[in-house]
Amino acid sequence: MADTRARRGNRVVLVVYLAIVAVAGVMGFVIGTIRPENLDPKFLAVVDLPPTPLGMALYGVLTIAFVLGVLLLLVRYVADRYDTDSV
């Protein structure tokens, strides 16, 4: 039963992660459509992206997916090594 609960928890985290990444893409598209001045998206300050709606959507998706993904992997790493029997 605990294994089923853990799988459901992983699925919830994945769905929330994908929803946040999708919202970042939509917001990037909206910002790209508005076209504010001095818009120069660079993914990880290395990859230049065009300041078009699709370029901004890609920037939003890549940036949020990378940053949030790294944080989730760190949480998973710590959670896997945390000994619950000693508490």
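What counts and how
Counting starts from 1 at the beginning of each chain's written sequence and moves along it residue by residue. Given that this is a predicted model, residues contribute local features only at a pLDDT of at least 70 and side-chain atom pairs are listed and counted only at 80 or more, while totals for whole chains, interfaces and linings are drawn from all residues. The basis for the side-chain values is all heavy atoms of the structure; hydrogens and waters are excluded. Put simply, DSSP H or I for four residues or longer makes a helix, DSSP E for two residues or longer makes a strand, and each gets a number counted from the N terminus. Exposure categories follow from relative accessible area, calculated using a 1.4 Å probe and restricted to protein chains: below 20% of the type maximum is buried, above 50% is exposed, and the middle band is partly exposed. Throughout, a residue-residue contact means that at least one pair of heavy atoms, one from each residue, lies within 4.5 Å. When the centres of two rings from Phe, Tyr and Trp lie within 6.5 Å, Trp using its six-membered ring, the rings pair. Their planes under 30 degrees apart give stacked, over 60 give edge-to-face, and anything left gives tilted. A patch consists of residues exposed above 30% relative accessible area that lack any salt bridge, with like charges linked at up to 9 Å and nonpolar side chains (Val, Leu, Ile, Met, Phe, Trp, Tyr) linked at up to 5 Å. Note that accessible areas follow from Shrake-Rupley with a 1.4 Å probe, and for residues the cover is restricted to the protein chains shown. For this analysis, a salt bridge means a side-chain nitrogen from Lys or Arg found within 4 Å of a carboxyl oxygen belonging to Asp or Glu.

1. What about the overall build of the protein?
Reasoning step 1: A count of helices and strands for the protein gives two helices and two strands.
Reasoning step 2: Here the protein holds 87 residues, and the buried ones make up 17% of them.
Reasoning step 3: Put simply, of all contacts in the protein between residues at least 6 apart along the chain, 44% involve residues at least 24 apart.

2. Some thoughts on the packing of aromatic side chains
Reasoning step 1: Evaluated as defined, the whole model comprises one aromatic pair.
Reasoning step 2: Ring geometry for F43 against F66: centres 6.2 Å apart, planes inclined by 85°, an arrangement best described as edge-to-face. In this pair, F43 sits in strand β1 (residues 42-43) while F66 sits in helix α2 (residues 53-81), placing the two residues 23 residues apart along the sequence.
Reasoning step 3: Overall, F43 belongs to the buried group, its relative accessible area being 14%.

3. A look at the environment of I34
Reasoning step 1: Considering the arrangement of structural elements, one finds I34 in helix α1 (residues 2-34).
Reasoning step 2: Among the residues examined, I34 registers a relative accessible area of 62% and is labelled exposed.
Reasoning step 3: Placed 19 residues apart in sequence, I34 and P53 show a C-alpha to C-alpha distance of 8.4 Å.

4. Quick word on a nonpolar patch on the surface
Reasoning step 1: There is a patch of nonpolar side chains on the surface, built from L44, V46, V47, F66, V67, V70, L71 and L74 and spanning about 710 Å² of accessible area.
Reasoning step 2: Residue contributions to the nonpolar patch peak at five residues, all from α2.
Reasoning step 3: Its relative accessible area of 40% is what places F66 among the partly exposed residues.

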